[in-house]
Amino acid sequence: MTQTLTLTWTTVCLLDRLEPDRGVAALVDGVQIALFRTADELFAIDNRDPVSGAYVLSRGIVGSRGGVPTVASPLHKQVYDLRSGHCLDLPGVAVARHDARCRNGLVEVRLRQEG
Amino acid sequence: MSGGELVVIGNGMVGQRFVDALHARDPQGDWRVTVLAEEGRPAYDRVRLSAYFDGVSESELNLHTPHDGVRLRLGEPATAVDRDRQVVTTAVGEYRYDALVLATGSYAFVPPVAGTELPGVFVYRTLDDLAAIRAYARGRRVGAVIGGGLLGLEAANALRLLGLSTDVVEFAPRLMPVQVDQAGGAMLRRYVDELGVRTHLGVATTAIRPGPDGGVAALELSDGTALDTELVVVAAGIRPRDQLARDAGLPLGPRGGVLVDSTCRTADERIWAVGECAAVDGTCHGLVAPGYATAEVVADRLVGGAATFPGADTATKLKLLGVDVASFGDAHGTTEGCLDVTFTDPATRVYAKLVLSDDAHTLLGGVLVGDASAYPTLRASVGGPLPAAPLALLAPDGGGADAGALPAAAQVCSCNAVTRGDVDAAIADGCADVPALKACTRAGTSCGSCVPMLKQLLDAAGVAQSGALCEHFDVSRRELFEIVRVRGIRTFSRLVAEHGRGRGCDICKPVVASILASLGGGHVLDGEQASLQDTNDHFLANLQRDGSYSVVPRIPGGEITPEKLIVIGEVARDFQLYTKITGGQRIDLFGARVEQLPQIWRRLVDAGFESGHAYGKALRTVKSCVGETWCRYGVQDSVGLAVALELRYRGLRAPHKLKSAVSGCARECAEARSKDFGIIATETGWNLYVGGNGGFRPRHADLFATDLSTDALIRLIDRFLIYYIRTADRLQRTAGWIEAMDGGLDHLRSVIVDDSLGLCEDLDAAMARHVSSYSDEWRDVLDDPDRLRRYTSFVNAPDVPDPSITFTRERGQPVPARDQSPTGTEPTNGHRRQPVTLGLPEVRR
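Per an unreviewed UniProt entry, chain B carries the name assimilatory sulfite reductase (ferredoxin) and comes from Micromonospora trifolii. UniProt, in the comment section headed Function (unreviewed entry), describes chain B in these words: "Catalyzes the reduction of sulfite to sulfide, a step in the biosynthesis of sulfur-containing amino acids and cofactors."

The name recorded for chain A in an unreviewed UniProt entry is Nitrite reductase (NADH), from Micromonospora noduli.

> Help me understand the overall build of chain A, please; the structure alone is not making it clear to me.
The number of helices and strands found in chain A is 0 helices and 9 strands. Beginning at the N terminus, the succession of helices and strands in chain A can be written as β-β-β-β-β-β-β-β-β. Put simply, chain A has 115 residues, and 53% of those count as buried. Within chain A, residue pairs in contact and separated by at least 24 positions form 44% of the contacts whose partners lie at least 6 positions apart.

> Help me out: how do you make sense of the pairing of strand 9 (residues 106-110) of chain A in this one?
Looking along a regular strand, one sees the side chains alternate between the two faces of the sheet. Residue and element names in this part refer to chain A. Alternating residues of strand 9 divide into V107 and V109, all buried, and L106, E108 and R110, none buried. Here 4 bridges tie strand 1 (residues 10-14) to strand 9, and the two strands are oriented antiparallel to one another. Opposite T11, over in strand 9, you have E108 as the bridge partner. Direction of pairing for strand 8 (residues 97-103) relative to strand 9: antiparallel, over a ladder of 5 bridges. The partner of C102 across the bridge, within strand 9, is V107. As consecutive antiparallel partners, strand 8 and strand 9 are separated by 2 residues, and within that stretch N104 has a phi angle of approximately 50 degrees, a positive value.

> Honestly, the environment of K617 of chain B in this entry has me stumped. Any pointers?
Residue and element names in this part refer to chain B. Among the secondary structure elements, K617 is positioned in the loop between helix 19 (597-606) and strand 33 (619-624). Taking the C-beta count within 10 Å as the criterion, K617 has 25 such neighbours and is therefore assigned buried. Beyond its immediate chain neighbours, meaning those up to four positions away, K617 contacts S514, R653, A654, P655, H656 and K657.

> Just to check I follow, could you spell out the interface of chain A and chain B for this structure?
One frequent convention defines the size of an interface as the accessible area lost when the parts assemble. Taken together, the contact pairs 44 residues of chain A with 37 residues of chain B. Secondary structure elements with two or more residues in the side of chain A that touches chain B: strand 1, strand 2 (22-28), strand 3 (31-37), strand 5 (61-65) and strand 6 (68-72) of chain A. With 5 residues, the top contributor of residues to the side of chain A that touches chain B is strand 2 of chain A. Classifying every residue of the side of chain A that touches chain B gives 21 nonpolar, 12 polar and 11 charged.

> It is not clear to me how the confidence of the model for chain B should be interpreted in this structure. Could you clarify?
Residue and element names in this part refer to chain B. On average, chain B scores 88 in pLDDT, and the residues at 70 or more come to 95%. In the model, residues 820-845 has pLDDT below 50 throughout and makes 38 contacts with residues more than four positions away in sequence or in other chains. Both scores are given for the predicted complex: the pTM is 0.56, the ipTM 0.93.

> Got a minute to help me understand the sheet that holds strand 12 (residues 198-201) of chain B in this structure?
Each strand in a sheet pairs with its neighbour through backbone hydrogen bonds, running either in the same direction (parallel) or in the opposite one (antiparallel). Residues and elements named next belong to chain B. Ordered by their spatial adjacency, 5 strands build an open sheet running 9-16-10-11-12, and the pairing between neighbours is parallel. One side of each edge strand has no neighbouring strand; the edge strands of this open sheet are strand 9 (121-123) and strand 12. For this sheet, the mean angle separating the axes of adjacent strands, direction not counted, is 20 degrees. Relative to strand 16 (residues 231-234), strand 10 (residues 142-146) runs parallel, the two being bridged by 4 bridges. In the strand pairing of strand 16, V145 is matched with V233. Against the sheet, helix 4 (residues 150-161) engages strand 10, strand 11 (165-170) and strand 16, with an angle of about 165 degrees to strand 11.

The rules behind these values
- Residues numbered from 1 in each chain as written.
- Chains lettered and ligands numbered in written order.
- Predicted model: local features only at pLDDT ≥ 70, side-chain atom pairs only at ≥ 80, totals over all residues.
- UniProt positions renumbered as here; feature names shortened; annotations may be inferred.
- Helix = DSSP H or I, 4+ residues; strand = E, 2+ residues; numbered from the N terminus.
- Buried ≥ 20, exposed ≤ 12 C-beta atoms within 10 Å, placed from the backbone.
- Contact = placed C-beta atoms within 7 Å.
- Pairing = 2+ DSSP bridges.
- Nonpolar A, V, L, I, M, F, W, Y, C, P; charged D, E, K, R; others polar.
- pLDDT = per-residue confidence, 0-100.
- Axes fitted to C-alpha atoms, helices over the stretch in contact; angles between N-to-C directions.

This is how it looks when you write it as structure tokens:
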């Protein structure tokens, strides 16, 4: 394990590099992050799909369910709330969420430790 | 009586139904059953006998299900019944019985005129009869049918299909005199005339004359004329086969048939009779539905039940020479004081008549010619109040006929005696769609004419499947397709803003992406379209369980040069890809990371490969056998056709994946009948099959058209595919699409062969656009830096490969390391990896 938890912001890429309603993978302090850009927000969650164990959530389809911004796992289509990381299809399943923001046209991510 | 030795004489449709019905009620096998069959083959579907001439095989007509404890003696007809000793005799031996069921059926009535024994004179009753007709018709040009009833018109159509110019001779003044009235017969005749079948009504055949070779040469008619003909089919009616019963001293009906009471028992308490040989309370019934009813009655009685014959439903609906004809209830208006309501439209060539009670409130019967869509509801309403105003019911398409208005006792499926009450009960028990209702009640499993009514009953019960695609669109894929096509919408954001709500999801976005692609929306990764794609389409590769991708280059028809084969091998070796031959005659390369995909494809494209679209809901492969070029059995160049078809339809996006195959002869080595569209070579052209698939619910494709030229074949496939793409539901394969279609294969044929909806020109143009606008998706990606940009492992560390993708080796090749040590964070809620079922999507909602 090379995991290091930090509370600092890491610059990841230019905002223009993110396609609207699509995700990319990023490596932040050795952690695989899935980073999404919707019409008006940025979201960061773990890239690891907790159901399959594969690092693929960044490649899921972004959408909404009942007004909640979501991403669907590209492997077996479980849908996650991008704001909370909770799986909307499987109770009790969730992915870690992280902070993401845009400063001066640059996307920044800050890892979060959650209980 | 509840067990012992049971002998069944006859293995026709009703005999088989009896055995099935008894087996269902007597699963312990208290009755040991012996079935004595005259024919050398087990029970087959005689109602669909004519389909044999459309190329439907013997095995498809088979109705026989083997049961434990049932002995079937084929080709061993009973010769005598000894009631004193309770023994049935055959040429082979004797069979003792505790109960005996006569299911001997009927024979074709041949009028007593000279010449019926001549070579070239046939009856139309068994598969052997049909095979003999086919053999004799070869090389002949003119045929005649004696009898213009239901069977006679079937036979006339058969002769047409065999390429004979055909005459029909009917003694009555109209065609189908039993089922339709004079005006209906006149309308039917207009259709028949148009097909080139010549009808001679109100005349009898007085003799059949031989020619110099001894074979049949002419029919002499009662009006003094003669018809030249080389082949004659006698279809002048049927008579019950009651000789065994007659010889055994059992009483017969007034017009023949084994006399039975309403329990279907003869005067001998150990002997029963079912089907066409039984004269129930004195009357024989020549239709399968009443026959099935007698089979159920006897099966019930033999296990101690108290069933009685419910009375015959003589309602008939059929398609004769492509014309819908239906007749039900008191079709001829024989009830005293009854009223007729008739509707004749010479333009659309539709005739309909309803027979009503003298107060015009109760439906007694009717006749429909040209459009029988109202039949299921009307037939089920006989004896009850009209479900709608008469004119609304008679309007073409039966606009006003709705099964929702039927009473519970109304029979929905007459073939299997299923009432609306039975269907409603099944729906209440959880049957939520037509296939479930079919499985649970047997309704719709025989002639299928009540299937539209089953849908209406689901609707009426409020469980009809919502057509809504997902929470973002209230319409179905088909309606969405029309909206996009007609309004010219080219972006998801405009579509969801104008016709939906929210931001979309993993259901509607790929659907819209597929629709846009089908309508020629440019490269699938251009602009906003890219964000709609499922991960496979987004990376133009197939996501595997470990997050890596597989690569499948197109190998049209499965034909590949040694040079190209070597390139695939070199690429696989250099990128350390696991290599496997697929079922579609191509090669799948596994274990590629996203950033490797462009490098792999650069090599493949340079060597002349194109995308195989294994990642898309699109045409996959057109498999082929080696064909006449090499194979000593082949009759056509199957590889050449497969290559041409694969190149024509490559890149075509559809509601689901599409597979095809071409076999060079009837041995069918390419397994074409398991494909969405399959082609099998004949001596003179190609047979086209549609709607097959392997997979979760395997289904053989149905024969759609025969002996096509290559041009005609391609035109039909073009239309079939575009019509499917435009009208199928999301993830509905061609099989389900055809099954769900009102009118099924016949409807499909009317749309893409007869152009009944006037769509063909448009369908042809759409395919022409696809063919001319095709370009290889992977080549287009390699040429475009913007599209290439997404093939990176990490946006901020493009040089670092995804560390979670690791391999071990198995049988000399790399495979995913199952026990990976992840380098990312463990899930913080303590959730661990758990087994998942691969290959099956989560079922939601």
